[in-house]
Amino acid sequence: MSYFNDESMYREIIIDHTKNPRNIKKPNDDYKKAYLKNPSCGDEITLYVLYDEKENKVKDITYKVSGCSICCASASMMSELFIGKTKEEIDKIIQNFNNMVTGQEYDEDMLGDAISLKGVVNVPPRIKCATLGYKAFQKVIGDSHEM
Ligand code: ZN
C-alpha cells in the first residue's frame, strides 16, 4: 500500500540520490567539517555542517563524497533529513537509522528516503557504507552516541 513497500522503488530512490545528490554546494568558512573513510569499501566523505548554536538548529549541510552508491545516496538522504532540525531531533533520527540497518525496531516515519537503505541489514559489509555520513555528522557535532 505504501509508496515505499517495493524493493524496486527503493532501488530507484537510491539511484536517484546517487545521480542527483541533494544539497551539493560550495561551503564557506562558517561550516564545521569532518572527514571519514570506510576502508573496507573505499568510501570517503567530507561533511560540512552549518550549525546555529543560538537556535540549536542545523542550518545547512553539504558534503564531498566518493565511493559506492550506498554511501553516496545515504549522504544525500541524510542531508535532506537533517537540515532544519535540532541536535535532539537528529539524535533520534540517527538512532532510528542505526536500528534499521542493524535489524532492530525503528520508526520509518522519521527516516524519509533513507528507508530505501533498509536492505543493507541483509548485507553486513554495506552497513558501514550506509552509516558513514551519519558518523561524520557525529564527528562534526561531537557529543552524540557511538554508532
Ligand atoms: Zn561503500
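These numbers were taken from a predicted model, which means no experiment stands behind them. (Residues numbered from 1 in each chain as written. Predicted model: local features only at pLDDT ≥ 70, side-chain atom pairs only at ≥ 80, totals over all residues. Heavy atoms only, no water.)

J.: How should the coordination of the zinc ion be read in this particular structure?
T.: Surrounding the zinc ion are the protein donor atoms Cys 41 (SG), Asp 43 (OD), Asp 43 (OD), Cys 68 (SG) and Cys 129 (SG), which sit 2.2 to 2.7 Å from the metal. Each donor residue of the zinc ion belongs to the same chain, with the gaps between them written as C-x1-D-x24-C-x60-C. Here Cys 41 is found in the loop between strand 1 (32-38) and strand 2 (43-52), whereas its partner Cys 129 is found in helix 4 (residues 127-141), with 88 residues between them in sequence. (Donors = N, O, S within 2.8 Å, 3.2 Å for Na, K, Ca; no water. Helix = DSSP H or I, 4+ residues; strand = E, 2+ residues; numbered from the N terminus.)

J.: Whenever I open this one, helix 1 (residues 7-19) confuses me. Can you help?
T.: Over its 13 residues, helix 1 runs 18 Å from end to end, which matches the ideal 18 Å to within 8%, given 1.5 Å per residue. Regarding helix 1, the residues found buried are Tyr 10, Ile 13, Ile 14 and His 17. The buried residues of helix 1 occupy an angular sector of 95° when projected down its axis, which confines them to one face. Away from the buried face of helix 1 by more than 90 degrees, exposed residues Glu 12 and Lys 19 are located. Those residues of helix 1 hidden inside the fold are in contact with helix 2 (69-82). (Expected span 1.5 Å × (residues − 1). Buried < 20%, exposed > 50% of the residue type's maximum accessible area, 1.4 Å probe, protein only. Arc of directions from axis to C-beta. Contact = heavy atoms within 4.5 Å.)

J.: Looking at this structure, I do not really get the packing of aromatic side chains. What am I missing?
T.: Geometrically, a pair of aromatic rings is defined through the distance of the ring centres and the angle of the planes. Counted by the stated rule, this structure contains three aromatic pairs. Aromatic side chains Phe 82 and Tyr 134 sit 5.6 Å apart centroid to centroid with 85° between the ring planes, which places their arrangement in the edge-to-face category. Linking Phe 82 in helix 2 with Tyr 134 in helix 4, this pair joins segments that are 52 residues apart in sequence. With relative accessibility at 0%, the residue Phe 82 sits in the buried group. For Tyr 134, a relative accessible area of 0% translates into the label buried. A ring pair is formed by Phe 97 and Tyr 134, whose centres lie 4.1 Å apart and whose planes are at 10°; its orientation type is stacked. A residue pair is termed long-range when its members are at least 10 positions apart, and Phe 97 in helix 3 (residues 87-101) and Tyr 134 in helix 4 qualify at 37 residues. For the residue pair Phe 97 and Tyr 134, the accessibility class agrees, reading buried in each case. Among the aromatic residues, those joined into a ring-pair cluster are Phe 82, Phe 97, Tyr 134 and Phe 137. (Phe/Tyr/Trp six-rings, centres within 6.5 Å; stacked < 30°, edge-to-face > 60°.)

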